[in-house]
Amino acid sequence: MAMNERYMKCSPELPLQEAAKLLLGVGRRNIIIVDNYSRMLGTVSVSDILRFVVTDDLDWRYVHVREVMTTDFISLPEGHSKEQAIKVFFEKKLDYLPV
């Protein structure tokens, strides 16, 4: 698990319970899920975790992030202007926009 001022990232193998603890501990709403080459695979948010815990009968303490993460995401490559990012953010009604 890595973190900088803008985002947190982790492996898809992180236990969901650990992801929830991390999000609560640092006051973030989502974690970027990356592979061994730091390529973005998806995201997991507080909402994703809550949705899983409330609607699934599995014991969430034994579930990994890969089983809950959102893989249908919108992101922008680095180099886009803030204006372009803001336009996409509002057009797509996003909560966050990974760059």
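Refer to the preceding data block for the structure.
This write-up is about the structure you can find in this document. Given the structure is predicted, the values throughout are model-derived calculations rather than measurements. (Residues numbered from 1 in each chain as written. Predicted model: local features only at pLDDT ≥ 70, side-chain atom pairs only at ≥ 80, totals over all residues. Heavy atoms only, no water.)

1. As for the side chain of Asp48
With respect to the helices, strands and loops of the structure, Asp48 is situated in helix α2 (residues 46-55). Overall, Asp48 belongs to the buried group, its relative accessible area being 8%. At a separation of 3.1 Å, a polar atom in the side chain of Asp48 contacts the side chain of Arg51. (Helix = DSSP H or I, 4+ residues; strand = E, 2+ residues; numbered from the N terminus. Buried < 20%, exposed > 50% of the residue type's maximum accessible area, 1.4 Å probe, protein only. Polar contact = N/O pair within 3.5 Å; in protein donor to acceptor, adjacent residues only side chain to side chain.)

2. Looking at the pairing of strand β3 (residues 30-34)
Most of β3 is tucked away, with five of its five residues classed as buried. Of the two faces of β3, the one holding Asn30, Ile32 and Val34 and the one holding Ile31 and Ile33 are both buried throughout. As paired elements, strand β2 (residues 8-10) and β3 share two bridges and run parallel to each other. Within β3, the residue paired with Cys10 across the bridge is Ile33. Once you follow β2 into helix α1 (residues 16-26) and on to β3, the crossover reads as right-handed. Here β3 pairs with strand β4 (residues 40-45) via five bridges, running antiparallel. What sits directly across from Asn30, in β4, is Ser45. Hairpin connection between β3 and β4: a loop of five residues separates the two successive antiparallel strands, and Ser38 in this loop has a positive phi of roughly 65°. (Pairing = 2+ DSSP bridges. Right-handed = clockwise from strand over helix to strand, strands pointing away.)

3. Section: the nonpolar core
Among soluble globular proteins, nonpolar side chains are generally buried collectively. The biggest cluster of nonpolar side chains holds 16 residues, and the ones touching the most others in it are Leu16, Ile31, Ile33, Val44, Ile49 and Val65. Elements that contribute at least two residues to this core include exactly β2, α1, β3 and α2. A total of four residues in this core trace back to one element, the largest contributor, which is α1. With sequence-adjacent residues up to four places away left out, Leu16 is seen in contact with Val44, Ile49, Phe52, Trp60, Val63, His64, Val65 and Val68. (Core = buried A, V, L, I, M, F, W, Y, C linked by side-chain atoms within 4.5 Å. Contact = heavy atoms within 4.5 Å.)

4. Focus: the environment of Leu22
Locating Leu22 in the fold gives a position in helix α1. A residue is classified by how much of its surface remains accessible, and Leu22, at 25% relative accessible area, is partly exposed. Counting along the chain gives 14 residues from Leu22 to Met8, while the straight-line C-alpha distance between them is 9.2 Å.

5. Quick word on the environment of Leu23
For Leu23, the location among the structural elements is in helix α1. With 21 residues separating them along the chain, Leu23 and Val44 place their C-alpha atoms 9.9 Å apart. With residues near it in sequence (within four places) discarded, Leu23 still touches Met8, Arg28, Arg29, Asn30, Ile31, Ser45, Val46 and Ile49.

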